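# Notes for the structure review
Here are the chains, one letter per residue:
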Amino acid sequence: MSLFFLSRFIMNFFLETIKVLLLSIWYNVESFIYFFVPKKKKNIAGEVVLITGAGSGIGRLMAQEFASYSTVLVLWDINQEGMKETARLAKSNGASRVHYYICDCSDKNEVYRVADQVKREVGDVSILVNNAGIVTGKKFMDAPDSLIEKTMDVNIMAHFWTYKAFLPAMIANNHGHLVSIASSAGLIGVNGLADYCASKFAAVGFAESVGLELLATGKDGVKTTIVCPYFINTGMFDGCQTKWPKLLPILNPDYVAKKIIHAVLTDQVYLLLPRSMYLIAGLKNVLNMKQAIVLGQYLGAFNLMDTFRGRSRKQE
């Protein structure tokens, strides 16, 4: 009997290993093909797109980009005047309908309350973009507890509550898209950004885990996109200077917004910007700790926040 189970184990191990190797080869071939032949974009006309932090910055630009595909837009922010301007721009860019709601994403009860209002007044959200984010810009020991808690509440806990609110309908329909606007600081630690990095690492891990959970339960119609850009020129990180602007440039907001929407339309799971981040993140994962520290020093991760000013209202 033991020999039977041993032979069965060996056979299963052999078959599954062959399967993994063949799939790996195929996916490499597929990636090579897509390098030359663009992926077909899906049609999102009529989809209900909810964007948090839509009152300014990348949130506003994404709203304008989504609007050009005749989507129904739902805008969330704490800045009502900012949302009015975003709504105006989105309507002029082709959105079929635009709705906006004041919502403090750091407040779980408010997220649930406004989410229920959206479902009653607009319908089920089919594309959820968790974009709202804040940064303290202080060294860990200098950051007040209240600001650290606020960073975690906005940058990651809000993702939990919005998923809880809108994911059930996506699962029921096996249709939807979850977009997490994380950061390259969610892949590599940066001196002076302890709370921000912690929240963005959490955002990446959370989105990855939920994506796997959906696949494991057969809900492959609900797609996920995790966005990890380097610092974007929206004012949030004003004053920060990059050591190697050719390798790691401060990103143009319009460029980032267009790349995010393209990633959604082609069901791209990971989007790292600029492209050099793919190499840097890969190196970080294979180097030993001392080598990784040297790499961080070389890339400027030790001094990036030395000249940080930010803006008076740091929420996007």
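Computed from a predicted structure; not experimentally measured.

### Here we look at the packing of aromatic side chains
Counted by the stated rule, this structure contains 10 aromatic pairs. Ring centres of Y230 and F231 lie 5.2 Å apart, and the angle between their planes is 20 degrees; on these two criteria the pair is classed as stacked. Each member of the pair Y230 and F231 is classed as buried. When the ring of F231 is compared with that of F237, the centres are 4.2 Å apart and the planes differ by 10 degrees; the resulting orientation is stacked. Judged on exposure class, the residue F231 and its partner F237 are both buried. Here the aromatic cluster, defined as three or more aromatic residues joined through ring pairs, consists of Y112, F160, W161, Y163 and F206. Directly above the aromatic system of W161 lies the positively charged group of K108, at a separation of 5.2 Å from the ring centroid.

### Re the environment of D195
By the element assignment, D195 lies in helix 6 (residues 194-216). Taking the C-alpha atoms as reference points, D195 and N155, 40 residues apart in sequence, are found 9.8 Å from one another. Of note is the side chain of D195, whose polar atom sits 3.1 Å from the side chain of T136.

### Focus: the packing of helix 2 (residues 57-67) against helix 3 (residues 80-92)
Closest axis-to-axis distance for the helix 2/helix 3 pair is 9 Å, and the angle between their directions is 25 degrees. In terms of orientation, helix 2 lies roughly parallel with respect to helix 3. Seen from above, helix 2 lies across helix 3 with right-handed handedness. Note on element contacts: helix 3 touches helix 2 through G82, E85, T86, L89 and A90, opposite R60, A63, Q64 and A67. For the contact of helix 2 with helix 3, the residue count by class is four nonpolar, three polar and two charged.

### As for the nonpolar core
Ranked by internal contacts, the top residues of the largest apolar core, which has 92 residues, are M62, F66, L73, W76, F237 and I260. The greatest single-element share of this core, amounting to nine residues, is contributed by helix 5 (residues 145-173). In contact with L73, other than residues within four places in its own chain, are V49, I51, A63, F66, A67, A90, A95, R97, V98 and H99.

Cut-offs used in this document
Residues numbered from 1 in each chain as written. Predicted model: local features only at pLDDT ≥ 70, side-chain atom pairs only at ≥ 80, totals over all residues. Heavy atoms only, no water. Phe/Tyr/Trp six-rings, centres within 6.5 Å; stacked < 30°, edge-to-face > 60°. Buried < 20%, exposed > 50% of the residue type's maximum accessible area, 1.4 Å probe, protein only. Lys NZ or Arg CZ within 6 Å of the ring centre and 35° of its normal. Helix = DSSP H or I, 4+ residues; strand = E, 2+ residues; numbered from the N terminus. Polar contact = N/O pair within 3.5 Å; in protein donor to acceptor, adjacent residues only side chain to side chain. Axes fitted to C-alpha atoms, helices over the stretch in contact; angles between N-to-C directions. Parallel < 35°, antiparallel > 145°, perpendicular 65-115°, else oblique. Left-handed = near helix turned anticlockwise from the far one by under 90°. Contact = heavy atoms within 4.5 Å. Nonpolar A, V, L, I, M, F, W, Y, C, P; charged D, E, K, R; others polar. Core = buried A, V, L, I, M, F, W, Y, C linked by side-chain atoms within 4.5 Å.

In short, shape yes, function no, at least from these values alone.
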